[in-house]
Each structure stands twice: as C-alpha cells, then as structure tokens.
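Reading the structure
Now for the letters of each chain:
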Amino acid sequence: MAGISYVGWHIWHVLPLSKGLRWSILGLLLVCFACMFLNFGGLPDRMPLWLGSTIYNVGFSAPIILLYLLMTFLVLDIGRLVRLVPKAWLHDNGITSISILVLMVAVFVYGYFHYQHKERETVTLTTQKSLNGKKKLVMVSDLHLGYHNRRAALERWVEMINAEQPDLVLVAGDIIDMSMRPLLEERMAEVFHQVKAPIYACLGNHEYFSGEPAAQRFYEEAGIHLLRDTAVVVDDLCIIGRDDRTNRHRKALTDIMRHADKSKYTILLDHQPYHLEEAEQESVDFQFSGHTHRGQIWPISWITDAVYECSFGPWQRGNTHYYVSSGLGLWGGKYRIGTQSEYVVVTIGE
C-alpha cells in the first residue's frame, strides 16, 4: 500500500489536469490493481473465458507497471534532492507526464514482444557411459498454460519443439498456471499429442495451486509421462522425476536413486533448484530445473540471483551438470525485461 500511495501521490501532483480527471485516472489504476486480488480469489473461473483472460492480464500487469512507476518517481525524487531535477518537473507538468507515459509504453511494448520471442539455448554434454548414438532432447519448464498462455501459444511452442526433431521432450514442471479451466475449455491436452517425441515431466508448485489431482488427470489425457519420485529407463537414459517440494512428504533423492539405473546416463527433473548439492552427492549426471523465471523482470532478477545458488543457465558441481531454465512461458503479466523466455536443446554424446 505504501508503494501505491507513493505513486498515486506523484501522479496526482504531476498531471496538469482537473481534479475530476485526476481522480478518474487514479480510480482506474486502483481498479486495475484490484483485479490482481480478484484473480487470486478465482473470479476469472466464473466469467466467460475472454473476460477472465482480460481480468487476469490486467490484474497481473498492474503490479509490474506499479514497480516501474515507483522506480521512475524515486529517480526523479533523488534527482530533485541533489538539485538535478527542478521541482517544477513534478508539479502540473505536461512534458513530464507525457515523458513518463512514453517511457512506460516503450518499456512494456518491448517487454511484451521480447516475451513472444523464444531464445534457443544449446547445451552439449559428453559422457563415458555407453550410448547408442547421440541423443537430442528438448527441455522446457514453466509453460504456465492458462488465462494468459492459451491454446494458440501452445500450438506455436509445439511447432517449435517438433522442428528440433528431438528424441525426447523433458518438462521441469509448471505446465499449468493457476486454473485448469482454460486448459480444459480449450482442449489443450490434445495439442500435446502433436508432439512427435515422448514427453516426460515432473510436477511444479503451480500444479498444486491448480489442484494436483486434476493436474495429474490432465497429464494423463495429454499423454505426458509424469514422474513423481520415480525413475524410468528410456533407451540409453535414466530419467528421474522428483515431486515438487510443495509436497513436504516427497521422497528424499537418496531413496529415489536407489531405484535408478546409474549405469545409464542419469537426468534429474526437479522443478525448484534448491539444494543442488544433493544431485552431486548422488552422482546424477545432469539436473534440469526451472521455477525461478530469473525473476521475469529486472530488477527482480537481482533477487533470484541472490536467493539461488544458480537462478539461471548452466552450472556445475563436481561431475554433475545443471541447467536452470528461466522458462518457456511465465506467470502473470506477459513481459520479459532483462530476462528471456527460452527452450533448451541438449545433445548428449561422446
């Protein structure tokens, strides 16, 4: 509330408009911010799909816009304190108002189109373990399918994955965003059947937010092989999937690895990249995680970089290699500022 009050106070004073228009603009901004709380209350599920999507996108865009307005006004206030910014710039000033509007529009138009562009990251891994030829895998995380990432987006992503002609597709959780309703209404399960390779996945925390039993049924309908604290051998690879740490009763990695074939090249899917030392201790060859989104926008990326041992990109501990993905999709407002949306093409061979 302090941030909203601070930004609202500045908007009130900088706009060269009548009191009625200023109240209208502030009221509109408050309504947009209130949509975020309506989203958490499940209101979109009780609306037509198009309206629920609108409420979702407006509500979860509002705090991001608030953050950038907050930073803008802080910079102007600091500039005023050190006498670089005249006081008149912040009071009834049309030029300042238009400049801030143009800045916000430019930043968020860039952020939106940057999100639409998916980076292709490549990882090449070598091993002394026996392989029947090189393996090509596409790995993704954090699709967050729902009110903002709808069926049309999923279809584009599937085309992109198929173009790689992978042997396997691995998903490190959060296929689902917050609600099952958009996935069921738009029959997204059938889109996954268009993927021309087997799909293996673990759960993420958002599968629990959306309702884990319903999420599991969706995985089954989509033909996705769900790995929950288990390991399977697929050709020359041993794929291990951990349940998300949201489930406090998930198995310890030590217990799961007792049933893993360590003579094969082992790949661990664990949605949240905490305690990376566990994979190293169990001699896992490669761990793929997501969850962090690397904050989605700057400067939140500074926070995730501080919280996680590795919040984005390749990493190594001993002989264990890691990749923490910033995600193919994202949660909330569809903006990438200072981060990227990506899919990872992994080649394993001698």
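A short tour of the structure in this document, coming up. Numbers given to residues run from 1 along each chain, matching the order in which its sequence is written. Where local features are concerned, this predicted model is filtered to residues with pLDDT of at least 70; where side-chain atom pairs are given and counted, the filter is 80 or more; whole-chain, interface and lining totals use all residues. Derived side-chain values reflect all non-hydrogen atoms in the structure, with water molecules and hydrogen atoms excluded from consideration.

Some thoughts on helix H1 (residues 2–14)
Labels follow the DSSP assignment, with helices taken as runs of H or I lasting at least four residues and strands as runs of E lasting at least two, numbered in each case from the N terminus. Each helix should span, by expectation, one fewer than its residue count multiplied by 1.5 Å. Taking 1.5 Å as the rise per residue, H1 with 13 residues should run 18 Å; its terminal C-alpha atoms sit 18 Å apart, in good agreement. Where H1 is concerned, the buried positions are Ile 4, Val 7, Gly 8, His 10, Ile 11, Trp 12 and Val 14. Between two residues, a contact is recorded if the distance between any of their heavy atoms is within 4.5 Å. In this structure, the buried residues of H1 make contact with helix H2 (19–40), helix H3 (49–81) and helix H4 (94–116). Relative accessible area decides the class of each residue, using a 1.4 Å probe on protein chains only: under 20% of the type maximum gives buried, over 50% gives exposed, and in between gives partly exposed.

Things to note about the environment of Arg 181
Note on placement: Arg 181 falls in helix H6 (residues 181–185). Measuring from C-alpha to C-alpha, the distance between Arg 181 and Pro 86 comes to 52 Å, with 95 residues separating the pair along the chain. Non-local contacts of Arg 181, meaning those with residues more than four positions away in its chain, are made with Pro 44, Asp 45, Met 47, Pro 48, Leu 49 and Tyr 147. Between N or O atoms, a polar contact is any pair within 3.5 Å; within protein, one atom must be a potential hydrogen donor and the other a potential acceptor, and residues adjacent in sequence are included only when both atoms are from side chains. In this structure the side chain of Arg 181 is engaged in a polar contact, spanning 3.1 Å, whose partner is the side chain of Tyr 147.

Topic: the packing of aromatic side chains
Here is the rule: rings of Phe, Tyr and Trp (six-membered ring for Trp) pair when centre to centre is within 6.5 Å. Planes less than 30 degrees apart are stacked, more than 60 are edge-to-face, and the remainder are tilted. Tallying each qualifying case throughout the model produces 13 aromatic pairs. An aromatic cluster is present here, built from Phe 40, Tyr 56, Phe 60, Tyr 147 and Trp 331 joined pairwise through their rings. Note on criteria: charge over ring means Lys NZ or Arg CZ within 6 Å of the ring centre, with the direction from the centre no more than 35 degrees off the ring normal. Here the guanidinium or amino end of Arg 22 rests over the ring plane of Trp 12, the centre of that ring lying 4.5 Å away. If you follow Arg 245 out to its NZ or CZ, it ends over the ring of Tyr 274, 4.0 Å from the centre.

Some points on the sheet that holds strand E6 (residues 230–234)
Any two strands with at least two DSSP bridges between them are considered paired. Taken together, six strands build an open sheet; the order of strands is E6-E7-E8-E9-E11-E10 and the sheet is mixed. Each edge of the open sheet is held by one strand with a lone partner, namely E6 and strand E10 (313–317). Going across the sheet, the axis of each strand differs from the next one's by a mean of 20 degrees, ignoring polarity. Bridge analysis of E10 against strand E11 (residues 320–324) gives five bridges, and the strand direction is antiparallel. Considered in E11, the bridge of Arg 317 is made with Thr 320. Each axis is a line fitted through C-alpha atoms, taken for helices only over the stretch in contact, and angles between the N-to-C directions span 0 to 180 degrees.

Structural notes on the nonpolar core
Only buried residues count toward a nonpolar core. Its members are Ala, Val, Leu, Ile, Met, Phe, Trp, Tyr and Cys residues joined through side-chain atoms within 4.5 Å. Ranked by internal contacts, the top residues of the largest apolar core, which has 35 residues, are Leu 143, Leu 145, Leu 154, Trp 157, Ile 175, Phe 192 and Phe 218. With six residues, the top contributor of residues to this core is helix H5 (residues 151–163). Once you skip the residues sitting within four places of it in the chain, Leu 154 turns out to touch Leu 143, Leu 145, Met 188, Val 191 and Phe 192. If you look at the next biggest cluster of nonpolar residues, it comprises 29 residues, including Leu 26, Met 36, Ile 100 and Tyr 147.

Points about the pairing of strand E8 (residues 265–269)
For E8, the buried fraction is high: five of the five residues fall into the buried class. Side chains of E8 alternate between two faces, with Tyr 265, Ile 267 and Leu 269 and Thr 266 and Leu 268 buried alike. Sheet topology places strand E7 (residues 237–241) next to E8; five bridges connect them, and they run parallel. Within E8, the residue paired with Cys 238 across the bridge is Thr 266. Sheet topology note: the E8/strand E9 (residues 286–289) ladder contains three bridges and is parallel. In the strand pairing of E9, Leu 268 is matched with Gln 287.

What about the pattern of salt bridges?
We count a salt bridge whenever a side-chain nitrogen from Lys or Arg sits within 4 Å of a carboxyl oxygen from Asp or Glu. Using the criterion set out here, one finds 21 salt bridges in the structure. Between Glu 185 and Arg 181 there is a salt bridge, with the nearest N and O atoms lying 2.8 Å from each other. Within this pair, Glu 185 and its partner Arg 181 are both found in helix H6, separated by four residues, close to a single helical turn. Since its relative accessible area comes to 44%, Glu 185 is described here as partly exposed. Residue Arg 242 is joined to Glu 278 by a salt bridge in which the shortest nitrogen-to-oxygen separation is 3.1 Å. In this pair, Arg 242 sits in the loop between E7 and helix H10 (253–257) while Glu 278 sits in helix H11 (residues 277–281), placing the two residues 36 residues apart along the sequence. Using a relative accessible area of 4% as the deciding quantity, one classes Arg 242 as buried.

Topic: H4
When the terminal C-alpha atoms of H4 are compared, their 33 Å separation across 23 residues agrees well with the 33 Å that a helix rising 1.5 Å per residue should span. When we look at burial in H4, the residues that qualify are Thr 96, Ser 97, Ile 100, Met 104, Val 107, Phe 108, Gly 111, His 114 and Tyr 115. In the core, the buried residues of H4 are packed alongside H1, H3, strand E1 (118–126), H5 and strand E12 (341–349). The opening residue of H4 is Asn 93, an N-cap whose side-chain oxygen sits 3.0 Å from the backbone nitrogen of Ile 95.

What about the side chain of His 293?
If you trace the backbone, His 293 turns up in the loop between E9 and helix H12 (300–307). Judged by relative accessible area, His 293 falls into the buried class, the value being 5%. With near-sequence residues (within four places) excluded, His 293 lies in contact with Asp 142, His 144, Ser 325, Ser 326, Leu 330, Trp 331, Arg 336 and Thr 339.

Some words on the sheet that holds strand E3 (residues 168–171)
Strand pairing in a sheet is mediated by backbone hydrogen bonds. Such pairs are either parallel or antiparallel. Strand order in the open sheet formed by six strands is E1-E12-E2-E3-E4-E5, and the pairing between neighbours is mixed. Of all the strands in the sheet, the pair left with one neighbour each is E1 and strand E5 (225–226). By the bridge criterion, nine bridges tie E1 to E12 in an arrangement that is parallel. Looking at the pairing, Lys 118 lines up with Ser 341 of E12.

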